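Structural characterization, general
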Amino acid sequence: MKKNIYFVSDHHFGAPDRASSLVRERRFVKLLDQIKPNVSELYILGDLFDVWDEYKHVVPKGFVRVLGKLAEFVDDGIPIHFFVGNHDMWMIDYLEMEIGVKVYYHPKTKVFGSKKIFVGHGDGLGPKDKGYKRMKKLFRNPFFQWLYRWLHPDLGIPFARYLSLKNKLISGSVDLNYDGPDREWLFQYAKRKLKTEHFDYFLFGHRHLPLEISLNPQSTYINIGDWITHYTYGVFDGLKLSLKHWKPNIGNLTMIEQKNLGFEQAVLIGIIN
């Protein structure tokens with residue numbers, strides 16, 4: 001059977017609360033079960049968690065369903081690549097050591113068959129987010145991380161969650177509206193990069209908007225969207241990279257999932273970016 005490469009991004013598990021996050025986590029696990037027979041590699045383009053504040057001996061509790069499913073993929077020989085996003089930038093080595101996930105802290109060039117793809121989360125790229133870019137340098141600084149980890153996890157992790165939801169400068173400000181390619185700063189970043197190097201695709205998350213825009217006859221900018229309101233993902237079939245939309249079968253949802261379906265779509269889009 002011919003197998004595909006799959007791409008997902010921006011799940012923000014943990015936000016805005018445990019109950020609504022659990023609905024989306026279960027739904028994502030269903031997608032992973034669905035694609036497992038047909039996947040050769042899985043790429044997660046960041047912000048799988050709304051906060052991942054990893055200490056030397058402590059990680060945030062929760063997310064056992066999705067972490068267990070990712071471990072199952074790796075144990076069955078399916079490679080998983082994780083591009084750290086702005087909400088899980090304090091990831092160190094837990095996923096690599098415990099699950100076997102390959103973690104990246106910067107965008108990478110990947111070649112699949114005859115296609116050359118520039119892939120990453122997308123935060124801090126392009127002309128905007130200047131305040132966030134300064135904060136990112138601070139947050140990624142090893143000395144600052146060392147200082148922060150002197151906070152007990154019962155203080156450090158809840159405080160990080162508070163900042164994630166409330167401080168848009170720290171989390172990276174994202175306008176959830178599409179106002180055309182001229183105002184789409186990741187699209188503009190891709191156009192400038194094409195001046196010095198060819199890519200068939202530029203693939204990002206971060207924007208929470210499923211977008212597929214032609215840069216020129218040979219190159220395309222794609223944003224994966226999110227797993228909050230759009231439930232979109234990318235598939236490379238060996239020839240073409242395309243966006244797909246997963247829709248839950250309401251009849252197969254649990255009562256808890258059905259109860260939270262309307263709530264999460266109404267609330268989350270106004271909270272997470």
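Higher on the page you've got the structure.
In short, a report on the structure. The shown structure was predicted, so the numbers you read here are calculated from the model rather than taken from an experiment. Within any chain, residue numbers begin from 1 and follow the written order of that chain's sequence. Whole-chain, interface and lining totals are the exception, using all residues; otherwise, since this is a predicted model, local features are given only for residues with pLDDT of at least 70 and side-chain atom pairs are given and counted only at 80 or more. Side-chain metrics rest on all non-hydrogen atoms present in the structure, leaving aside hydrogens and water.

The next subject is the overall build of the protein chain. In terms of regular secondary structure, the protein chain is built from nine helices and eleven strands. Each residue is placed in one exposure class: buried if its accessible area under a 1.4 Å probe, protein chains only, is under 20% of its type's maximum, exposed if it is over 50%, and partly exposed if it falls in between. When each of the 273 residues of the protein chain is scored for burial, the buried share is 53%. For every accessible area listed, the method is Shrake-Rupley and the probe measures 1.4 Å; residues are considered covered only by the protein chains on display. As presented, the protein chain carries roughly 12,900 Å² of accessible surface, and 56% of it is formed by carbon and sulfur atoms. The helix count covers DSSP runs of H or I at least four residues long, the strand count covers runs of E at least two residues long, and both are numbered beginning at the N terminus.

Before going further, it helps to examine the sheet that holds strand 9 (residues 219–224). Here five strands make up an open sheet; going across it, the order is 5-6-7-9-8 and the pairing mixed. Edge positions in the open sheet fall to strand 5 (108–112) and strand 8 (210–216), since each of these has one partner strand only. Between one strand axis and the next, the sheet turns by 20° as a mean value, whatever way the strands run. The pairing of strand 6 (residues 115–119) with strand 7 (residues 201–204) spans three bridges and is parallel. When the sheet's bridge partners are listed, phenylalanine 118 is paired in strand 7 with phenylalanine 202. Of the strands in this sheet, strand 6, strand 7, strand 8 and strand 9 are in contact with helix 8 (residues 185–194), which crosses strand 8 at around 30°. For two strands to pair, DSSP has to find at least two bridges joining them. For helices, the axis comes from a line fit to the C-alpha atoms of the stretch in contact; other axes are also lines fit to C-alpha atoms, and the angle between any two N-to-C directions lies between 0 and 180 degrees. Contacts: residue pairs with any heavy atoms within 4.5 Å of one another.

Positionally, asparagine 4 belongs in strand 1 (residues 4–8). A relative accessible area of 11% means that asparagine 4 is categorised as buried. As a C-alpha pair, asparagine 4 and aspartate 237 span 233 residues in sequence and 4.8 Å in three-dimensional space. Apart from residues no more than four positions distant in its own chain, asparagine 4 is found in contact with Asn38, Val39, Ser40, Glu41, Val235, Phe236 and Asp237.

A separate point is unusual backbone geometry. Along the chain, alanine 15 connects to proline 16 via a cis peptide bond; the corresponding omega equals -10°. With respect to the secondary-structure elements, proline 16 resides in the loop between strand 1 and helix 1 (18–35). With a phi close to 55°, histidine 12 is a non-glycine residue in the positive phi region. Within the secondary structure layout, histidine 12 lies in the loop between strand 1 and helix 1. Phi is positive for histidine 206, which is not a glycine, with a value near 75°. The topology assignment puts histidine 206 in the loop between strand 7 and strand 8. Judged by relative accessible area, which is 0%, histidine 206 ranks as buried.

Before going further, it helps to spend a moment on the nonpolar core. In plain words, nonpolar cores are sets of buried Ala, Val, Leu, Ile, Met, Phe, Trp, Tyr and Cys residues tied together by side-chain atoms within 4.5 Å. In terms of nonpolar packing, the biggest core is built from 40 residues, with Phe28, Leu42, Leu70 and Phe82 touching the most fellow members. Among the elements of the structure, strand 1, helix 1, strand 2 (39–44), helix 2 (64–75), strand 3 (80–83), helix 6 (153–166) and strand 10 (232–236) are those that each provide at least two residues to this core. With five residues, helix 2 is the largest single contributor of residues to this core. If we skip the residues at most four places from it in the chain, leucine 42 touches Tyr6, Val8, Leu32, Leu70, Phe73, Pro79, Ile80 and His81.

Two rings from Phe, Tyr or Trp (for Trp, the six-membered ring) form a pair when their centres sit within 6.5 Å of each other. Planes less than 30 degrees apart are called stacked, planes more than 60 degrees apart edge-to-face, and all others tilted. Throughout the structure, instances matching the rule amount to 23 aromatic pairs. In this structure an aromatic cluster arises from ring pairing among Phe118, Phe187, Tyr189, Phe199, Phe202, Phe204 and Tyr221. Note on geometry: a ring has a charge over it if NZ (lysine) or CZ (arginine) is within 6 Å of the ring centre and within 35 degrees of the ring normal. Lying over the aromatic face of phenylalanine 199, lysine 116 brings its terminal NZ or CZ to 4.9 Å of the ring centre. Positioned above the aromatic ring of tryptophan 90, the side-chain terminus of arginine 149 is 5.7 Å from the ring centre.

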